[in-house]
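Chain and residue survey
Each chain, written out:
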Amino acid sequence: MDTMTSIPITRTRQSRITELDIDHLVFGATPTDHMFMAAFRDGGWQNPQIVPFGDLTISPLALGLHYGQTVFEGLKAYRTAAGHIHLFRPHRHHARLNRSLGRMGMPAVPEALFIDALHRLVELDQDWVPAKPGTSLYLRPLVIATEPRLGVKISEEYLFIVVGMPMADYYTGKLKVKVETRFSRAASGGTGAAKCGGNYGAAFYPAQQAKSGGFDQVLWTDATHHEFIEESGTMNIFFVIDGILITPPLSDSILDGVTRDSLLTLARAGGIPVEERKISYKALEKAFLSGKAIEAFGVGTAAMVSPIEVIDIMGKTYYPSVGPDALMYRLKNELQAIHTGTKKDSYYWNYIIQTVLQ
Ligand SMILES: Cc1ncc(COP(=O)(O)O)c(C=O)c1O
């Protein structure tokens, strides 16, 4: 039975799919033909619709442009080896979206609206879900405050938008990161656990500084002591030390990553010892100096599992193992096998878009 909201669709007159160069995808540069939109007004979400992808018209007074009430999500649709299309863990992304919205004083998006928006958009633009190994359709739900009234206040009007774009691997190659002990991403009591635009804007300058020093990203440390490692760029961070998989515990300054949760679940099920615990850069340095075998990697929807080959700790360079036997590749392969439908989806993470079965 189809219980979905009926979402009016205005189709594009001219698809751009023939312009798509699947072998040279630039992340975020090739939106699909359509986008989803709904408006929040008079206390409720109204007028859900799918329209041709295009520019928005919002007032220069729109509150979101000034005071940062913008929240987003990032998830993927995959095409399986058999040609079916599914979304990866959309309900968990929805729950996080609403936690982020709550922290920013913004209205929740009902689960049915979120799921139906993604389902209908992906169904309509299904030809944009690439089949090539390592590719996917990245989906970006966004909520932005649109009330045109320039006062420092909570907006009473919002837009909920979903756009999609095919993507290949986000980071290719191995990462060089630097432990950041001057700048902070997120303070306790702040917005670090929310996926709000301001967190990213504030991280650009430190990341730019690190890039000019030859690094790909910073490894954020806690804002109070600049001692405990938190996350990196748009990735949660994992280490393997002496065969134990270690990741910092969730807090209000760390994003509750869906990939982090998926990998922890797979690791525990596979009998790998797991510790969610604080790890200071000093303890990490000590482990390197004692000659222990150490892996380090970042994980996220866009980044998947990205090996780290260099860590700079207070000006000293350390080299985690990135050899082919590393545990991170085993976990990555397992997760990828669920994405591509070659491993049983025991946790029901894949939300199947039924209607693409042709
Ligand atoms: C700051 C931050 N940390 C971690 C992640 C990883 O989260 P997920 O695995 O849900 O994509 C992301 C990406 O969404 C992020 O932006």
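Definitions and limits used
- For every chain, the first residue of the written sequence is number 1, and numbering continues from 1 along that sequence.
- Only residues with pLDDT of at least 70 are given local features in this predicted model, and only at 80 or more are side-chain atom pairs given and counted; all residues enter the totals for whole chains, interfaces and linings.
- Note that the side-chain values use all heavy atoms of the structure and ignore hydrogens as well as water.
- Note on conventions: DSSP H or I runs of at least 4 residues are helices, E runs of at least 2 residues are strands, and numbering of each starts at the N terminus.
- The cut-offs for exposure are 20% and 50% of the maximum accessible area for each residue type, with area from a 1.4 Å probe on protein chains only; residues under the lower value are buried, those over the upper are exposed, and the others partly exposed.
- Residue contacts are counted whenever heavy atoms from the two residues lie within 4.5 Å of one another.
- Throughout the structure description, domain borders are defined by an automatic or database domain assignment.
- A simple way to read buried area is as the amount of 1.4 Å-probe accessible surface that goes missing from two parts once joined, with both sides added.
- Any carboxyl oxygen of Asp or Glu within 4 Å of a side-chain nitrogen of Lys or Arg constitutes a salt bridge here.
- Residues belong to one nonpolar core when they are buried, are Ala, Val, Leu, Ile, Met, Phe, Trp, Tyr or Cys, and are joined through side-chain atoms within 4.5 Å.
- Here a residue counts as near a molecule or strand whenever at least one of its heavy atoms sits within 4 Å of it.
- A 3.5 Å cut-off defines polar contacts: any pair of N or O atoms within that distance qualifies, except that in protein one atom must be a possible hydrogen donor and the other a possible acceptor, and neighbouring residues in sequence count only when both atoms are side-chain atoms.
- Note on areas: these come from Shrake-Rupley sampling with a 1.4 Å probe, and a residue is covered only by the protein chains present in the view.
- The rule is short: rings of Phe, Tyr and Trp, with Trp giving its six-membered ring, pair when the centres are within 6.5 Å, and they are stacked under 30 degrees, edge-to-face over 60, tilted in between.
- To sit over a ring, a charge needs its Lys NZ or Arg CZ within 6 Å of the ring centre and within 35 degrees of the ring normal.
- Should DSSP find at least two bridges between two strands, the strands are regarded as paired.

Some points on the side chain of Ser 232
Examined against the element boundaries, Ser 232 turns out to sit in strand E10 (residues 231-232). Owing to a relative accessible area of 1%, Ser 232 belongs among the buried residues under this scheme. Beyond its immediate chain neighbours, meaning those up to four positions away, Ser 232 contacts Val 177, Gln 217, Val 218, Leu 219 and Trp 220.

Focus: the domain arrangement of the chain
Here the chain is described as being made up of domain 1 (17-168) and domain 2 (175-339). Just the C-alpha atoms count here: the centres of domain 1 and domain 2 sit 26 Å apart. At the interface, 21 residues of domain 1 touch 21 residues of domain 2. Summed over both partners, the interface of domain 1 with domain 2 buries about 1800 Å², with 56% contributed by carbon and sulfur atoms. Three residues stand out in domain 1 for area buried against domain 2, namely Phe 72, Arg 92 and Arg 96, and they jointly supply 30% of the buried area on that side. Between Arg 89 and Asp 261 there is a salt bridge; the shortest N-O distance is 2.9 Å.

Notes on the nonpolar core
Formed by 40 residues in total, the largest nonpolar core has its most connected members in Phe 36, Trp 45, Val 109, Val 122, Leu 139, Val 143 and Phe 160. If one sorts the elements of this core by residue count, helix H3 (residues 111-124) sits on top with eight residues. Setting aside its immediate chain neighbours within four residues, Phe 160 contacts Phe 36, Met 37, Ala 38, Trp 45, Val 109, Leu 113, Phe 114, Ala 117, Pro 141, Leu 142 and Val 143. Among the nonpolar cores identified, the runner-up in size contains 24 residues, and Leu 263, Ala 326, Met 328 and Ile 338 belong to it.

Quick word on the site of the ligand
Among the 17 residues in the neighbourhood of the ligand, the closest are listed as Lys 195, Tyr 200, Glu 231, Thr 259 and Thr 301. Here an oxygen atom of the ligand sits 2.5 Å away from a polar atom, N or O, in the side chain of Tyr 200. Within the backbone of Val 258, an N or O atom sits 2.7 Å from an oxygen atom of the ligand. Relative to its unbound accessible surface of 390 Å², the ligand loses 97% to contact with the protein. Elements supplying a minimum of two residues to the shell around the ligand: helix H2 (90-103), strand E11 (235-241), helix H5 (258-269) and strand E14 (294-300).

Here we look at the packing of aromatic side chains
A full pass over the atoms with the stated rule returns twelve aromatic pairs. Consider the rings of Phe 40 and Tyr 158, whose centres lie 5.9 Å apart with planes at 70°: the pair is edge-to-face. Placement of the pair is Phe 40 in strand E1 (residues 34-41) and Tyr 158 in strand E7 (residues 158-167), with a sequence separation of 118 residues. Note on accessibility: Phe 40 and Tyr 158 belong to one class, buried. On the basis of an interplanar angle of 90° and a centroid distance of 5.6 Å, the ring pair of Phe 183 and Tyr 205 is categorised as edge-to-face. Here Phe 183 is found in the loop between strand E8 (175-180) and helix H4 (197-212), whereas its partner Tyr 205 is found in helix H4, with 22 residues between them in sequence. Feature note: the residues Phe 36, Phe 40, Trp 45, Phe 114, Tyr 158 and Phe 160 constitute an aromatic cluster, connected by ring pairs. If you follow Lys 278 out to its NZ or CZ, it ends over the ring of Phe 228, 5.1 Å from the centre.

Section: the environment of Met 167
Structurally, the position occupied by Met 167 is in strand E7. Given the relative accessible area of 1%, Met 167 is considered buried. Along the sequence, Met 167 and Gly 134 sit 33 residues apart, while their C-alpha atoms lie 8.5 Å from each other. Met 167 has contacts with Leu 25, Phe 27, Lys 76, Gly 134, Thr 135, Ser 136, Tyr 138 and Ala 302, leaving out every residue within four places of it along the chain.

Concerning the pairing of strand E15 (residues 304-313)
Most of E15 is tucked away, with nine of its ten residues classed as buried. Of the pairings in the sheet, the one linking E8 to E15 comprises four bridges and is parallel in character. Across the sheet, the residue bridging to Val 177 is Ile 311, located in E15. Relative to E15, E14 runs antiparallel, the two sharing four bridges. By the bridge assignment, Gly 298 is partnered in E15 with Ser 306. Taken together, E14 and the strand that follows it, E15, pair antiparallel across an intervening segment of three residues. In terms of strand pairing, E15 meets strand E16 (residues 316-318) through three bridges, oriented antiparallel. Directly across from Ile 313, in E16, lies its bridge partner Lys 316.

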